[in-house]
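Single-letter residue listing:
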Amino acid sequence: MLNVKDLHVSIGENKILKGINLEVNPGEVHAIMGPNGSGKSTFSQVMAGNPAYEVNSGEIHYEGKDFQALEPHMRARAGLFMGFQYPVEIPGVTNIYFLKNSLNAIREAKGLQPLDAYEFNEYLGEKMDAVGMSRELTRRAVNSGFSGGEKKKNEILQLLVLNPKLAILDETDSGLDIDALKTVAGGVEKFRNKDNAVILVTHYQRLLDFIPPDFVHVLMDGKIVLSGDSKLALELEARGYNWVKEENGID
Amino acid sequence: MDKKKKENSIEEFTNQEYKWGFHTDIEQEMVPKGLNEDIIRLISKKKNEPQFLLDFRLKAYRHWLTMTQPHWSHLDIPRIDFNDIIYYAEPKKKKEVRSLDEIDPEILETYKKLGIPLEEQKALSGIAVDAVFDSVSVGTTYSKMLGEQGIIFCSFSEAVHTHPELIKEYLGSVVPWRDNYFATLNSAVFTDGSFCYIPKGVKCPIELSTYFRINAKGTGQFERTLIIADEGSQVSYLEGCTAPQRDENQLHAAVVELFAHKDAKIKYSTVQNWYPGDKNGVGGIFNFVTKRGKCDGDNSKISWTQVETGSAITWKYPGCILKGDNSIGEFYSIAVTNNHQQADTGTKMIHLGKNTSSTIISKGVSAGKAQNSYRGMVRTSPNAINARNFSQCDSLLIGDQCGAHTFPYIDSKGSTATIEHEATTSKISDQQLFYLQQRGIDPEDAVTMIVNGFCKEVLNELPMEFAVEARKLLGVSLEGTVG
Amino acid sequence: MINLNKEITATPLPPLFDDPLKDFRAAGLKRYSLSGLPGKKVEHWMKFDITPLKEISYTQAVKVEKPLNRNANSFDEICDRVEMLNGFIDTTTVGKGYSLSSVSTEKGREKIAGLIGTAGDERGNYFYNLNSSLFSDPLLISVGPEQSGKPLYLSERISGEDESLIANPRIIIEVQENSSLELIQSFSGSSGSPYLNNSVTEIILGKNAKLEHVILLEDSHKAFVFNNIFVKQSEGSVYNSQTLISGASISRNEYDITLGEENCETSLSSLFLGKENQLHNSDITIHHDAPHCTSRTTTKAIAGGNSQGVFRGFALVKKGAQKSDAVQQFKSLLLNDTCQVNMEPHLEIWADDVKCSHGATVGQLDPNQLFYLQQRGFSPEEAKKVLMEAFAADVAESIGIDLVSDIIKTRIYRLMDDLYE
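Note that this is a predicted model, so its numbers are computed, not measured.

Criteria and cut-off values
- Residues numbered from 1 in each chain as written.
- Chains lettered and ligands numbered in written order.
- Predicted model: local features only at pLDDT ≥ 70, side-chain atom pairs only at ≥ 80, totals over all residues.
- Heavy atoms only, no water.
- Buried < 20%, exposed > 50% of the residue type's maximum accessible area, 1.4 Å probe, protein only.
- Helix = DSSP H or I, 4+ residues; strand = E, 2+ residues; numbered from the N terminus.
- Pairing = 2+ DSSP bridges.
- Contact = heavy atoms within 4.5 Å.
- Axes fitted to C-alpha atoms, helices over the stretch in contact; angles between N-to-C directions.
- Buried area = accessible area lost by both parts, 1.4 Å probe.
- Salt bridge = Lys/Arg side-chain N within 4 Å of Asp/Glu carboxyl O.
- Disulfide = S-S within 2.5 Å.
- Polar contact = N/O pair within 3.5 Å; in protein donor to acceptor, adjacent residues only side chain to side chain.
- Nonpolar A, V, L, I, M, F, W, Y, C, P; charged D, E, K, R; others polar.
- pLDDT = per-residue confidence, 0-100.
- Core = buried A, V, L, I, M, F, W, Y, C linked by side-chain atoms within 4.5 Å.
- Expected span 1.5 Å × (residues − 1).
- Parallel < 35°, antiparallel > 145°, perpendicular 65-115°, else oblique.
- Left-handed = near helix turned anticlockwise from the far one by under 90°.

Go over the pairing of strand β16 (residues 328–337) of chain B, please, and point to the residues and values.
All names here are of chain B. Within β16, nine of the 10 residues are buried, which leaves the element mostly enclosed by the surrounding structure. Sheet topology note: the strand β13 (residues 301–308)/β16 ladder contains eight bridges and is parallel. Bridged to Val-307 within β16 is Ile-334. As defined by bridge partners, β16 adjoins strand β19 (residues 357–367) across 10 bridges and the pair is classed as parallel. Its bridge partner being in β19, Glu-330 is matched across the sheet by Thr-359.

Describe in detail the sheet that holds strand β4 (residues 54–62) of chain A, supporting the description with residues and values.
Residue and element names in this part refer to chain A. Taken together, four strands build an open sheet; the order of strands is β2-β1-β4-β5 and the sheet is antiparallel. Lying at the two open borders of the sheet, with one neighbouring strand each, are β2 (14–24) and β5 (65–66). Examined bridge by bridge, strand β1 (residues 2–11) and β2 share eight bridges and lie antiparallel to one another. When the sheet's bridge partners are listed, Ile-11 is paired in β2 with Asn-14. Where helix α1 (residues 40–48) meets the sheet, it contacts β1, β2 and β4, and its direction lies at approximately 110° from that of β1.

Describe the interface of chain C and chain B, listing the residues and the values that go with them.
With 36 residues of chain C at the contact, the number on the chain B side is 33 residues. Contact between chain C and chain B buries roughly 2800 Å² in total, counting both sides, with carbon and sulfur atoms accounting for 47%. Ranking the residues of chain C by area buried against chain B places Trp-350, Asp-352 and Val-362 of chain C at the top, with a combined share of 19%. Connecting chain C to chain B are one salt bridge. Here Asp-411 of chain B and Lys-47 of chain C are joined by a salt bridge, their closest N and O atoms 3.3 Å apart.

Please give an account of the state of the cysteines that cites residues and values.
A complete count under the given rule lists zero disulfides over all chains for this structure. Cys-196 of chain B forms no disulfide, and the closest cysteine sulfur to it belongs to Cys-204 of chain B, at a distance of 6.5 Å.

Which residues make up the pairing of strand β2 (residues 57–60) of chain C, and what values go with them?
Residue and element names in this part refer to chain C. Where burial is concerned, the two faces of β2 differ: the one with Tyr-58 and Gln-60 is buried and the one with Ser-57 and Thr-59 is not. Bridge count between strand β1 (residues 2–3) and β2: two bridges; the pairing is antiparallel. Each residue of the ladder has a partner; that of Ile-2, found in β2, is Tyr-58. In this structure, β2 lies alongside strand β8 (residues 165–167), joined through two bridges in parallel fashion. Residue pairing for β8: Gln-60 is matched across the bridge by Ile-166.

So what's going on with the side chain of Thr-356 of chain B? Residues and values would help.
Of note, Thr-356 of chain B is situated in the loop between β18 (348–351) and β19. With residues up to four places along the chain from it excluded, the contact list for Thr-356 of chain B reads Leu-322, Gly-324, Asn-326, Ser-327, His-351, Ala-384, Asn-386, Ala-387 and Arg-388 of chain B.

Account for the interface of chain A and chain B, naming residues and giving values.
In this complex, chain A contributes 35 residues to the contact, which on the side of chain B involves 19 residues. Buried area between chain A and chain B, summed over both chains or domains, comes out near 2200 Å², and the portion from carbon and sulfur atoms is 64%. Interface area lost by chain A to chain B is led by His-73, Phe-84 and Ile-90 of chain A, which between them contribute 21%. Taken together, the connections running from chain A to chain B amount to one salt bridge. In this structure, the salt-bridge partner of Glu-155 of chain A is Arg-439 of chain B, at a minimum N-O distance of 2.6 Å. Where chain A packs against chain B, one counts 13 residue pairs in polar contact (both at pLDDT 80 or more). In terms of residue count, the dominant contributor to the side of chain A that touches chain B is helix α3 (residues 95–109) of chain A (six residues). Partitioned by chemical class, the residues of the side of chain A that touches chain B number 20 nonpolar, 11 polar and four charged.

Quick one: what's the story with the confidence of the model for chain C, residue by residue and with numbers?
Scored by pLDDT, chain C comes out at a mean of 88, with 95% of its residues at no less than 70. For this predicted complex, the interface confidence comes out at an ipTM of 0.87, alongside a pTM of 0.84.

Report on the environment of Ala-109 of chain A, specifying residues and quantitative values.
Residue and element names in this part refer to chain A. Looking at the element boundaries, Ala-109 is found in helix α3. Using a relative accessible area of 48% as the deciding quantity, one classes Ala-109 as partly exposed. Linking Ala-109 and Arg-77, residues 32 residues apart in sequence, is a C-alpha distance of 6.0 Å.

Give me the lowdown on the nonpolar core, citing residues and values where you can.
Ranked by internal contacts, the top residues of the largest apolar core, which has 115 residues, are Leu-166 and Ile-199 of chain A. Residues contacting Ile-199 of chain A, with those up to four places away along its chain left out, are Leu-2, Leu-22, Val-24, His-30, Ile-32, Phe-43, Leu-166, Ala-167, Ile-168 and Leu-169 of chain A. With 88 residues, the next largest nonpolar core counts Leu-208 of chain B together with Val-231, Tyr-239 and Ala-248 of chain C among its residues.

So what's going on with the sheet that holds strand β6 (residues 80–83) of chain A? Which residues, and what values?
Residues and elements named next belong to chain A. Judged by pairing direction, the sheet is mixed, and its six strands sit side by side in the order β6-β9-β10-β3-β11-β12 without closing on themselves. Pairing within the sheet leaves two strands with one partner each, and these edge strands are β6 and β12 (223–228). With direction set aside, neighbouring strand axes in the sheet form an average angle of 20°. Where strand β11 (residues 215–220) lies against β12, five bridges are found, and the strand directions are antiparallel. Bridge pairing links His-217 to Ser-227 in β12. Docked against the sheet, helix α9 (residues 230–239) engages β3 (29–33), β11 and β12, running at close to 45° with respect to β11.

If you had to explain helix α6 (residues 148–162) of chain A to someone new, which residues and values would you point to?
With 15 residues, α6 of chain A ought to run about 21 Å at 1.5 Å a step, and its terminal C-alpha atoms sit 21 Å apart, in line with that. Where burial is concerned, most of α6 of chain A is hidden: 11 out of the 15 residues are buried. For α6 of chain A, the full list of buried residues reads Lys-151, Lys-152, Asn-154, Glu-155, Ile-156, Leu-157, Gln-158, Leu-159, Leu-160, Val-161 and Leu-162 of chain A. Packing partners of the buried residues in α6 of chain A comprise β6, α3, α4 (117–131), β9 (166–170) and α7 (178–191) of chain A together with α9 (430–438) of chain B. Phi turns positive one or two residues past the end of α6 of chain A, at Asn-163 of chain A, with a value near 45°.

Outline the arrangement of the chains, supporting the account with residue identities and numerical values.
The pair of protein chains exhibiting the most contacts, out of two pairs of chains in contact, is chains B and C. One thing to see here is that chain A and chain C don't touch, and their nearest C-alpha atoms sit 15 Å from each other.

Which residues make up the pattern of salt bridges, and what are the values?
Summed over all chains, the structure comprises 48 salt bridges over all chains. With its nearest N and O atoms 3.5 Å apart, the salt bridge here joins Asp-195 of chain A to Lys-194 of chain A. Just as Asp-195 of chain A is exposed, Lys-194 of chain A falls in that class too. When the shortest N-O distance is used, the salt bridge between Arg-31 of chain C and Asp-121 of chain C registers 3.8 Å. Residue Arg-31 of chain C is located in helix α1 (residues 22–35), and its partner Asp-121 of chain C is located in the loop between α3 (106–115) and α4 (126–134); the two are separated by 90 residues in the primary sequence. Look at Asp-121 of chain C and you get partly exposed, because its relative accessible area is 30%. One continuous salt-bridge network, built from bridges that share partners, spans Arg-379 and Asp-411 of chain B together with Lys-47 and Glu-344 of chain C.

An account of the packing of α9 of chain B against helix α10 (residues 443–454) of chain B is requested, with residue identities and associated values reported.
Residues and elements named next belong to chain B. Direction vectors running N to C along α9 and α10 enclose 120°, while the axes themselves pass 9 Å from each other. Relative to α10, α9 is oriented oblique. Between α9 and α10 the crossing geometry is right-handed. Of α10, the residues touching α9 (which contributes Gln-432, Leu-433, Leu-436 and Gln-437) are Pro-443, Ala-446, Val-447, Met-449 and Ile-450. Considering only residue class, the contact of α9 with α10 consists of seven nonpolar, two polar and no charged.

Take a look at the structure:
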């Protein structure tokens, strides 16, 4: 589904990613872990096509197509969803209006009829119940005045509503208390099936207790230095990142 | 997406076309070009006006001759040759029009194209329309139905004949004939407009509206609108405007007067979409408008809402004189400028009575090489005990070639007034655009969505029928500015 | 005699010297002959009526040969000091770290000729032009990296009993690269006849230079005081000023700040305590000419009596000055129904990636708060004072010169005693 080859990325003068290789297939859950500043968020942003990042070399293929040629909204319509570490506030635009437009744009790209207001409300209601969100939040402006937890729940709600093929969740667990973490994990579990894939970008192991990954990758200094199964995550939790650094000769 | 694409997309956006720019081919009757007392007498005669009105015009004209065109900072008004304008143009009448269905089919077609069917059976439900074509009103819908409730809604010229006593009493009572350069010019040469009187205690059951269309070449439009809300009455009034696409600048200098008696409420909404000129700044309407409301009676309320997307130059400051105790003035404004447009708009809230309050919400959006200025005044007199004002002026900039300026003037005399003013300037952030795009929304829709969100507090004030149109207009006026 | 409604002639410097400022003065005179003083219809001057000061015939202030001993004041011990009397350099008591120049030496003349007009010429108008035509004994204060350790107290005094004097003090302050200065500038004068002090201070800040500037305008109640300050900032420089206006019958503070290079910061706060028939005008223009500069303006007024405050703030963000961050705050407290304020917080923005905002409020002492305090045992006067102090607190607290901040705070609170009737 997703195939990344020798990806090099920079922001301005700074080289952030220095040769990433990754393959993700339907039904898989990958975790990308690593210390702060290792390039985890950059990886997510580049997959989603944020123009602030410059891809210097390498390939990104999604379902066999060259992903780099596509603008962010076309990637979204092709089935990529990114859960933002810092969901953006858009004053004055209601959540419901935003989501309906978003869903219908994606449906249209799939050749489906847009949902009308009534159908959409029904559909949205189900998903909101699934993540235990108050209906009142749909009338509020997108992420405006939301608490940190509400913003993250809102990202998961969007994940369920838009039902993409590939979800990259960038530090969706950060700043959540245990109840909110369970809700978020529950949402992701609901989303998972054999046809879609999830990439969890995270700093900590605790999210992985709820969503056991098939693969764990350690990202350091812009490279994936170690890959393994879910046991690797536990080891990282127990031993920290320093031993990986030492073994790979990174200061 | 890279920088280049973003710039291309800005270009596409700024290149987008004005969709109301067609011209109606119709035989018209015009007075000769130029401005002098004979022309004024001719206009007055054509309209078969009573002497008092001709006197009013001549008084204004003579005073106007002593005035000079205003010069405002940050607003570049080219010198206007007032003798190169035709002051009166009307569609040639084939015969006496007795009902709306007898209007020249070309004109009916024009309004149909603009989305305003005038034929009685097809008329917009819930809205009574007075259609002003160049210098004259060509028809008013629902006037009979309204008449049954004692509401007078007709063209200004008609009111001069049917209700001269009201015209005599109220004309110039809010905007005096010597008020300012353009208002004085209007007082001398105004041709038509709408007149509306809501009797005591009547709540007008439908929206009243005027649709202004400039069609003829070389003409100016000088409309005059007068709305009187008698004790305890209520009315909501809408105004829309478009003009054909031309290389020349055409002048529109209107005066609107609102008069609210005790306990009366007037809501006046404008969607102004005059031809803005092309992307190089050639052509477009010069829109110099004096709008003012007087809350004369206690507990009265006047609310202005405007969406200004058109015109090469917009110069208007709808204001409220809050004379009655507990009276309320409101001003909600969206001004969008693109390409070479200039908008200089704001309000004047003059607090005279006790416990008067005013609210000002202004949203300016500039793109391209456009200029957008808020200029507003809040004044409280010592008698305005416990007067309250709240103002908020926000500017949104799209691209780095445009300008956004905020010029509030606060004059407070006496110790019991409370005035608060806030202003912010921002741009559409890359993060917002990326977020929306990541959710599958294309960049243009994303811009429209963000601009609509930015303008929301004002859009919410518009009557339903207009809000939809206004939302679309915001998208259209800004199409292509960001990628 | 000088009548400001008529043409004026320039006063030459003492003829002993070959005057290198002759051309500068001639240019000033030419500008003044074109601009004159603003009339009532000039934008931004409509609400600030300067007619009374035009109606007086002034005598050009001259150097006082044997000045009377001035009274000692609370700044004496902690500050170095320079006294300008009637626009002429009088006494100086400064330690290391400053170099003072005047036209009395050839070297001084050269230095002054090289710097005069640097900050003001492009920006100044009416009263600047008047000063440039008539200034008498310009003073240059230059600060290098060698620090004095003491703040500098610069006192401008006007002294004349029977005649109405006009003085045009001219001061140039140069803070060189990586240097800093703490400056207290005060305006005062004797109370016999009305006088006009039309002072121009040009401030030139080098790269990473810093100036902490406290201004005390405490002239006699008959005086007309025009304090014109022009600041030109280089990269990374910081200008902070706090102004207290309590004196003069008609006064004006003009601040014109040019943030000419990247990463400049400027922060101005002022407090006008108006009583009787005082008329004060504060006019602040901040030119954001370069990217990444920050400006903060806090303008506060407590107006009592028949006083009037006219406040204008203008932030101008030039094209290309991205990431400009400009905030203007205007707050006025009106104590009765005969005083008034006019506020114009204006923004002109030509760059899109900026953070600019302004706020303005007018209000009065909150009756609920007054009542609450009285219920807790405060007398009405005490309650009012507490609330006024709270209103002025952020200006009082912002005094950036630690050594004098307590003195000034005390002064502010003492002045408030005179405000309410």
